[in-house]
Amino acid sequence: MLSVLIETRNDEEGLARTLASLVGGAVEGVVRDVIVCDQGSTDQTHRVAEHAGCHYVTGGIGAGIGQAKGDWLLLLEPGARLAEGWIDEVVAHTAKQTMPARFSRSRADRAPFLARVFSGNRALAEGLVVSKRQAAALAKGTRSAEALARGLATRRLNAEIWVAPPK
């Protein structure tokens, strides 16, 4: 079972897009719970989360990890969308592996080579699948999901993600 954590601040539209891409995982029974970790939103982010049946927490990623019920966590940016086929790939990875993993960028969504080289690299742009135990250990020294994901050695999943637009 997988817990999804989405750290957000004033991105209700992006949150709605991300939640829509998770519906298949909830129907299949792979997604156990979705936790929206709010960083001080002043828009209607909390309403989007509540209407979708998500747990809504304030206080950052550490609070979200503490409430997660799954043994594995999927960390996503608001606005990121998982492509069809992600469920089987994540289930296979969590059954066999212990190391974290990231999704592959959608071919239709890839920026030109030089734009990728010179743009700022966001650690959560491609999502992160990580065990709850490892995430809890990493979260002790950090305040954000982005910092937690930075510098981790990961495996590349054979499933695609449409990356959230930069802010």
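Residues numbered from 1 in each chain as written. Predicted model: local features only at pLDDT ≥ 70, side-chain atom pairs only at ≥ 80, totals over all residues. Heavy atoms only, no water.

If you check an unreviewed UniProt entry, the protein appears there as Glycosyl transferase family 2 from Mesorhizobium hawassense. Per UniProt, the protein carries the Subcellular location (unreviewed entry) text "Cell membrane". (UniProt positions renumbered as here; feature names shortened; annotations may be inferred.)

J.: An account of the nonpolar core is requested, with residue identities and associated values reported.
T.: In this structure, Leu22, Leu74, Trp86 and Phe103 are the most contacted members of the largest nonpolar core, which totals 29 residues. When residues of this core are traced back to their parent elements, those giving at least two are strand S1 (2-8), helix H1 (12-21), strand S2 (31-38), strand S4 (72-76), helix H5 (86-96), strand S6 (101-105) and strand S8 (155-162). If we skip the residues at most four places from it in the chain, Phe103 touches Leu74, Leu82, Trp86, Val90, Glu126, Gly127, Val129, Arg156, Leu157, Ala159, Glu160 and Ile161. In terms of nonpolar packing, the next biggest core, distinct from the first, is built from 19 residues, Cys37, Ile65, Ala123 and Leu152 among them. (Core = buried A, V, L, I, M, F, W, Y, C linked by side-chain atoms within 4.5 Å. Buried < 20%, exposed > 50% of the residue type's maximum accessible area, 1.4 Å probe, protein only. Helix = DSSP H or I, 4+ residues; strand = E, 2+ residues; numbered from the N terminus. Contact = heavy atoms within 4.5 Å.)

J.: Give me the lowdown on the pairing of strand S7 (residues 128-131), citing residues and values where you can.
T.: Because side chains alternate across S7, one face comprises the buried residues Leu128 and Val130, and the other comprises Val129 and Ser131, equally buried. Where S4 lies against S7, four bridges are found, and the strand directions are antiparallel. Opposite Leu75, over in S7, you have Leu128 as the bridge partner. (Pairing = 2+ DSSP bridges.)

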